[in-house]
Amino acid sequence: MPLLNTTTRNVAVVPVKHYHEKVIDHYENPRNVGSLDKNDTTVGTGLVGAPACGDVMKLQVRVDAEGKIIDAKFKTFGCGSAIASSSLATEWVKGKTMDEALKIKNVDIAKELKLPPVKLHCSMLAEDAIKAALSDYRIKQSSKDNIKKND
């Protein structure tokens, strides 16, 4: 695999022809890019990263009173596979309950996007981001419940 020599580091370059069309589609037309208000108690935010490659992924979910994910947004700094994994993850979590969303596994994302083995860490980040966002949401709900009890 050729390396692109930059002034700061060497970066592995995967030629576009090696990406599956689904990765290219999500990279060129990412779904649900943006941010939700992290201070909103109905919003959970997951921020995860992979130090080995420098990918950073923020995934946010908005959950309604019935526990259903009604919106999802992401911002990702990383390669095309990381962006595609984030985009796909936001599509898949929308409309699901939190428990259903937690059943989304990196292997499912990787299989859907046909990620090569060298890019599997991108789908792992997406799974971790979903878990982190839902964990943040649950923590906010626990804090909110505790405040209500103390009032």
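Let me sum up the structure you'll find in this document. (Residues numbered from 1 in each chain as written. Predicted model: local features only at pLDDT ≥ 70, side-chain atom pairs only at ≥ 80, totals over all residues. Heavy atoms only, no water.)

**Regarding unusual backbone geometry**
- Here the phi dihedral of asparagine 32 falls at roughly 65 degrees; this positive angle occurs in a residue that is not glycine.
- In this structure, lysine 114 is a non-glycine residue whose phi angle is positive, near 55 degrees.
- Along the chain, lysine 114 turns up in the loop between helix H4 (106-113) and helix H5 (120-150). (Helix = DSSP H or I, 4+ residues; strand = E, 2+ residues; numbered from the N terminus.)

**Concerning the packing of helix H1 (residues 21-28) against helix H2 (residues 80-93)**
- Contact pair H1 / H2: the axes reach a minimum separation of 8 Å and the direction vectors enclose 80 degrees. With respect to H2, the axis of H1 lies roughly perpendicular. Between H1 and H2, the residues in contact are Val23, His26 and Tyr27 and Gly80, Ser81, Ile83, Ala84, Ser87, Leu88 and Glu91, respectively.
- Residue classes in the contact of H1 with H2 are distributed as five nonpolar, four polar and one charged. (Axes fitted to C-alpha atoms, helices over the stretch in contact; angles between N-to-C directions. Parallel < 35°, antiparallel > 145°, perpendicular 65-115°, else oblique. Contact = heavy atoms within 4.5 Å. Nonpolar A, V, L, I, M, F, W, Y, C, P; charged D, E, K, R; others polar.)

**Quick notes on the environment of proline 116**
- Within the fold, proline 116 resides in the loop between H4 and H5.
- By relative accessible area, which is 25% here, proline 116 ends up partly exposed. (Buried < 20%, exposed > 50% of the residue type's maximum accessible area, 1.4 Å probe, protein only.)

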